[in-house]
Amino acid sequence: MKYSFVLLGVLTTSFGVSGKNITVSILDVEQKKLPNMVVYATPIELDKPLPVNPKKLIVGQKDKKFTPYVAVIQLGLTVDFENNDDITHHIYSVSGGNHFEFKIKSGETITSKQFNHAEEVAMGCNIHDWMSGFVLVVDTPYYTQTNDKGEAHLDLKTPGKYQISIWHPQLDKKMEQEINVSFNDNEKQHWNIQLPSVLQDIPTQENQDDFDFLDEY
């Protein structure tokens, strides 16, 4: 399946009947460990339905920011938006088939419609226009994000061949570069991937004006 976003960092692996736990470490060109990178494994030529990832995704609004800034969810699932601020937000996304828009009051939780399109979902707030966040929708239950050590741990329960993909909204979209590595050693469990560029800066997540506005919207 081809997605609408640029795919950077791809490797393939296969394993036998017992499944496989793998670790992927991600570094940039300066050998810096990269946290919060999305890593997901997509089965290749799988002839049976995939399981559903039971983990619930909650995207909060805290201190007039999306928390987390980057998240990932399986195709067909929903997201709980939780307003932890003492003001109203007007959350929206115009992304592809997963577009949405709603006002969410302080202390309120709103469950989105099903995200039925595999794509990058960019989010904003009509009231606080500096707020930005992203949810990546993937057609697989095998996904995670790197920890502070730049490591992602995946438990591939269904036997078969997989494509391991890496994504972050601050990856340089202009590079249009893929890294393809084939592994014949089925016992290999830890792979290091060095990206060909540094991440772009995350936009400043705060009001740049001397006043706040529409807090009682």
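One structure accompanies this document, and this report is about it. Note that the structure is predicted; figures quoted are calculated from it, not measured.

### Here's the deal with the overall build of the chain
Broken down by element type, the chain carries zero helices and 17 strands. The buried share of the chain, reckoned over its 217 residues, is 47%. Contacts in the chain between residues at least 24 apart in sequence constitute 72% of all its contacts with a sequence separation of at least 6.

### Describing the nonpolar core
In this structure, Ile-73, Phe-81 and Val-135 are the most contacted members of the largest nonpolar core, which totals 32 residues. Looking at this core, the elements with two or more residues in it are β3 (38–44), β4 (57–62), β6 (70–74), β7 (79–83), β9 (100–104), β11 (120–125) and β12 (132–138). Here the element with the most residues in this core is β12; it accounts for five residues. Setting aside anything within four residues of it in sequence, one finds Ile-73 in contact with Leu-57, Thr-78, Val-79, Phe-115, Val-135, Leu-136, Val-137, Val-138 and Tyr-143. Among the nonpolar cores identified, the runner-up in size contains 18 residues, and Ile-22, Val-24, Ile-166 and Leu-195 belong to it.

### A few points about the packing of aromatic side chains
Summed over all chains, the structure comprises six aromatic pairs. Look at Tyr-69 and Phe-134: their rings are 5.7 Å apart centre to centre, the planes differ by 85°, and that puts the pair in the edge-to-face class. Linking Tyr-69 in the loop between β5 (65–67) and β6 with Phe-134 in strand β12, this pair joins segments that are 65 residues apart in sequence. Grouping residues by exposure puts Tyr-69 and Phe-134 together as buried. Judged by centre distance (5.7 Å) and plane angle (70°), the ring pair of Tyr-142 and Tyr-162 falls under edge-to-face. On the criterion of sequence distance, the pair formed by Tyr-142 in strand β13 (residues 142–145) and Tyr-162 in strand β15 (residues 160–167) is long-range, its members being 20 residues apart.

### Comments concerning the sheet that holds β4
Spatially, the four strands line up as an open sheet ordered β5-β4-β7-β10, and their pairing is mixed. Lying at the two open borders of the sheet, with one neighbouring strand each, are β5 and β10 (109–111). Ignoring strand direction, the axes of neighbouring strands in this sheet form an average angle of 20°. Here β7 runs beside β10; their pairing, made up of three bridges, is antiparallel. Bridge pairing in β10 places Glu-82 opposite Thr-109.

The rules behind each value
- Residues numbered from 1 in each chain as written.
- Predicted model: local features only at pLDDT ≥ 70, side-chain atom pairs only at ≥ 80, totals over all residues.
- Heavy atoms only, no water.
- Helix = DSSP H or I, 4+ residues; strand = E, 2+ residues; numbered from the N terminus.
- Buried < 20%, exposed > 50% of the residue type's maximum accessible area, 1.4 Å probe, protein only.
- Contact = heavy atoms within 4.5 Å.
- Core = buried A, V, L, I, M, F, W, Y, C linked by side-chain atoms within 4.5 Å.
- Phe/Tyr/Trp six-rings, centres within 6.5 Å; stacked < 30°, edge-to-face > 60°.
- Pairing = 2+ DSSP bridges.
- Axes fitted to C-alpha atoms, helices over the stretch in contact; angles between N-to-C directions.

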